[in-house]
Amino acid sequence: MAIGAYLNVQFPSLDPKWIATGAYLVFMTLNILGVSIAATFELVVTVLAIFELLVFMGVVAPGFGWGHFLKGGWSGHDDFSLTAFA
């Protein structure tokens, strides 16, 4: 209504309610388009990130072995002690 009232002062022949309704529709349309564009961008970035993780997994998987992963136990030690946190 503020936009309608302001434009009514500048152009007295215009009805403030119609101007306010028009301004509301314009801003609502811009908001919906902005959300749609942002959601599409976010989807593209997510799909690219998943693809990158799959490529990384494919490159690393042949060299992965539980023996290498668990070698040395917790923090390089065969037993659990407070030195693991030091």
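Just so it is clear, the model here is predicted, and its values are computed rather than measured.

### Structural notes on the overall build of the protein
Phase 1 of the analysis: Counting secondary structure elements, the protein contains 3 helices and 0 strands.
Phase 2 of the analysis: On the protein, roughly 7,600 Å² of surface is accessible, and the fraction owed to carbon and sulfur atoms is 76%.

### Overview of a nonpolar patch on the surface
Phase 1 of the analysis: On the surface, Phe-51, Val-55, Phe-56, Val-59 and Val-60 cluster together into a nonpolar patch covering about 500 Å² of accessible area.
Phase 2 of the analysis: Residue placement: Val-60 occurs in helix H2 (residues 16-60).

### Considering the confidence of the model for the protein
Phase 1 of the analysis: Looking at the protein as a whole, its pLDDT mean stands at 86, while 84% of the residues score no less than 70.
Phase 2 of the analysis: Element-level pLDDT for the protein is lowest in helix H3 (residues 66-70), with a mean of 73, against a maximum mean of 94 in H2.

### Topic: the packing of helix H1 (residues 2-10) against H2
The geometry of a pair of packed helices is captured by two quantities: the angle between their axes and the separation between those axes.
Phase 1 of the analysis: Two elements in contact, H1 and H2, have axes separated by 7 Å at closest approach and are oriented at 130 degrees. Judged by the angle between their axes, H1 and H2 are oblique. Note on packing geometry: the crossing formed by H1 with H2 is right-handed. Across the interface between the two elements, Ile-3, Gly-4, Ala-5, Leu-7 and Asn-8 of H1 pack against Pro-16, Ile-19, Ala-20, Ala-23 and Phe-27 of H2.
Phase 2 of the analysis: Here the residues of the contact of H1 with H2 sort into 8 nonpolar, 2 polar and no charged.

### Topic: H2
Phase 1 of the analysis: With 45 residues, H2 ought to run about 66 Å at 1.5 Å a step, and its terminal C-alpha atoms sit 65 Å apart, in line with that.
Phase 2 of the analysis: Where the residues of H2 are buried, they touch H1.

Reading the values: the criteria
- Residues numbered from 1 in each chain as written.
- Predicted model: local features only at pLDDT ≥ 70, side-chain atom pairs only at ≥ 80, totals over all residues.
- Heavy atoms only, no water.
- Helix = DSSP H or I, 4+ residues; strand = E, 2+ residues; numbered from the N terminus.
- Areas by Shrake-Rupley, 256 points an atom, 1.4 Å probe, with all protein chains shown as cover.
- Patch = residues over 30% accessible without salt bridge, like charges linked within 9 Å, V, L, I, M, F, W, Y side chains within 5 Å.
- Salt bridge = Lys/Arg side-chain N within 4 Å of Asp/Glu carboxyl O.
- pLDDT = per-residue confidence, 0-100.
- Axes fitted to C-alpha atoms, helices over the stretch in contact; angles between N-to-C directions.
- Parallel < 35°, antiparallel > 145°, perpendicular 65-115°, else oblique.
- Left-handed = near helix turned anticlockwise from the far one by under 90°.
- Contact = heavy atoms within 4.5 Å.
- Nonpolar A, V, L, I, M, F, W, Y, C, P; charged D, E, K, R; others polar.
- Expected span 1.5 Å × (residues − 1).

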